[in-house]
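Fold and geometry: a report
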Amino acid sequence: AQSVTQLDSHVSVSEGTPVLLRCNYSSSYSPSLFWYVQHPNKGLQLLLKYTSAATLVKGINGFEAEFKKSETSFHLTKPSAHMSDAAEYFCVVTTNTGNQFYFGTGTSLTVIP
Amino acid sequence: NAGVMQNPRHLVRRRGQEARLRCSPMKGHSHVYWYRQLPEEGLKFMVYLQKENIIDESGMPKERFSAEFPKEGPSILRIQQVVRGDSAAYFCASSRQENTEAFFGQGTRLTVV
């Protein structure tokens, strides 16, 4: 069975400080993992994906995530938060057949000026 | 290449009416997924379709909800006799193949009054 747990429903950081959004997954297979971002009243945008290549994945807008199999984690990080990063972030795992995407409940990121 | 197009963006229906949500996948994509996002919750999988076939509808309510993806035209999510609890954002995603990233539309926000 596949599932995703996003450990924090809300995260607040000051502009210019690091961002850490935590995600743990459960998968019966070698997973594919994704982070999506959703800005208010917008659709979901892919930030980055892991599909069994390099464990450190770089995405758009300075975000990156590290796949740690021993910890079953795929935390999202960014060295320096920008005001435009304020949004909802979803961690996603797919089945080995890729026909279902399992979403976490989301983490709302607030960036304080 | 336009992204995934959903329409309408906003839909208001009275209780008991029917709601039809449309999704045009990206060009070259033959896999379509529908998700529902209830307020304060993450996205929940509803149904996965390929052209003319429903592959997985395990997330779809058994009553009142149906989905199709005809050979020609957009995918349609149909909700009959809507109730207030159907109020949510409904997202469609498409992918080229299984186990590749899905691209999401901007969603249809259904409000049942």
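Placed above this text is the structure.
All of the points below concern the structure found in this document. Since this is a predicted model, take the numbers as computed values, not measurements.

A word on the overall build of chain A. Assigned secondary structure in chain A consists of zero helices and twelve strands. When the elements of chain A are put in sequence order from the N terminus, they spell out β-β-β-β-β-β-β-β-β-β-β-β. The C-alpha radius of gyration computed for chain A amounts to 13 Å, which stays within 12% of the reference 13 Å derived for 113 residues, consistent with globular compactness. Oriented by its inertia axes, the alpha-carbon framework of chain A measures out at about 40 × 30 × 20 Å. For chain A, the proportion of its 113 residues judged to be buried stands at 46%. Summarising the internal contacts of chain A: among those between residues at least 6 apart in sequence, 55% fall at separations of at least 24. Carbon together with sulfur atoms contributes 51% to the accessible area of chain A, which is approximately 5200 Å² in total.

A few words now on unusual backbone geometry. Residues and elements named next belong to chain B. The peptide bond linking Asn-7 to Pro-8 adopts the cis configuration, its omega dihedral lying at -5 degrees. You can see Pro-8 is positioned in the loop between β1 (5-7) and β2 (10-13). In this structure, Glu-52 is a non-glycine residue whose phi angle is positive, near 65 degrees. Inspection of the secondary structure assignment puts Glu-52 in the loop between β5 (43-50) and β6 (53-56). Non-glycine residue Gln-81 carries a positive phi angle of around 50 degrees. One can find Gln-81 in the loop between β8 (75-79) and β9 (88-95).

Time to look at the interface of chain A and chain B. Counting from both sides, the interface comprises 22 residues of chain A and, opposite them, 22 residues of chain B. Both sides of the chain A and chain B interface together cover about 1800 Å² of buried area, and 50% of this is carbon and sulfur. Run the count over chain A and chain B and you get zero salt bridges. Contributions of two or more residues to the side of chain A that touches chain B are made by β5 (32-38), β6 (44-50), β10 (87-94) and β11 (101-103) of chain A. At four residues, the largest contribution of residues to the side of chain A that touches chain B is made by β5 of chain A.

Residues and elements named next belong to chain A. Taken as a whole and judged by the stated rule, the model has two disulfides over all chains. Sulfur-sulfur distance for the disulfide between Cys-23 and Cys-91 comes to 2.0 Å. Residues Cys-23 and Cys-91 are joined by a disulfide whose S-S torsion is about -65 degrees; by sign, that bridge is left-handed. With Cys-23 in strand β4 (residues 23-26) and Cys-91 in strand β10, the pair connects residues that are 68 residues apart, well separated along the chain.

With that settled, the discussion passes to the packing of aromatic side chains. Counted by the stated rule, this structure contains 13 aromatic pairs over all chains. Residues Tyr-50 of chain A and Phe-67 of chain A carry aromatic rings whose centres are separated by 4.1 Å and whose planes lie at 15 degrees to one another, so their mutual orientation is stacked. One end of the pair, Tyr-50 of chain A, is in strand β6; the other, Phe-67 of chain A, is in strand β8 (residues 64-68), with 17 residues separating them in the sequence. For the pair Tyr-50 of chain A and Phe-67 of chain A, one class covers both residues: buried. For the pair Phe-103 of chain A and Phe-104 of chain B, a centre-to-centre distance of 5.8 Å together with 85 degrees between the ring planes defines the contact as edge-to-face. Highlighted residues: Phe-103 of chain A in strand β11 and Phe-104 of chain B in strand β10 (residues 103-104), drawn from two different chains.

What follows covers the pairing of β9 of chain B. Residue and element names in this part refer to chain B. The buried count for β9 comes to eight of eight residues, which makes it a mostly enclosed element. When strand β4 (residues 31-37) meets β9, the two strands line up antiparallel, connected through seven bridges. For Trp-34, the partnering residue across the bridge sits in β9 and is Cys-92. Two strands pair when backbone bridges link them, and β9 and strand β11 (residues 108-112) are joined in this way by three bridges, in the antiparallel orientation. Looking at β11, one finds that Tyr-90 is bridged to Thr-108. Inspection of the sheet shows β9 paired to β10 by two bridges, in the antiparallel sense. Paired with Ala-93 across the strands is Phe-104, a residue of β10.

Conventions and cut-offs
- Residues numbered from 1 in each chain as written.
- Chains lettered and ligands numbered in written order.
- Predicted model: local features only at pLDDT ≥ 70, side-chain atom pairs only at ≥ 80, totals over all residues.
- Heavy atoms only, no water.
- Helix = DSSP H or I, 4+ residues; strand = E, 2+ residues; numbered from the N terminus.
- Rg over C-alpha atoms; globule rule 2.2 N^0.38 Å.
- Buried < 20%, exposed > 50% of the residue type's maximum accessible area, 1.4 Å probe, protein only.
- Contact = heavy atoms within 4.5 Å.
- Areas by Shrake-Rupley, 256 points an atom, 1.4 Å probe, with all protein chains shown as cover.
- Buried area = accessible area lost by both parts, 1.4 Å probe.
- Salt bridge = Lys/Arg side-chain N within 4 Å of Asp/Glu carboxyl O.
- Disulfide = S-S within 2.5 Å.
- Phe/Tyr/Trp six-rings, centres within 6.5 Å; stacked < 30°, edge-to-face > 60°.
- Pairing = 2+ DSSP bridges.

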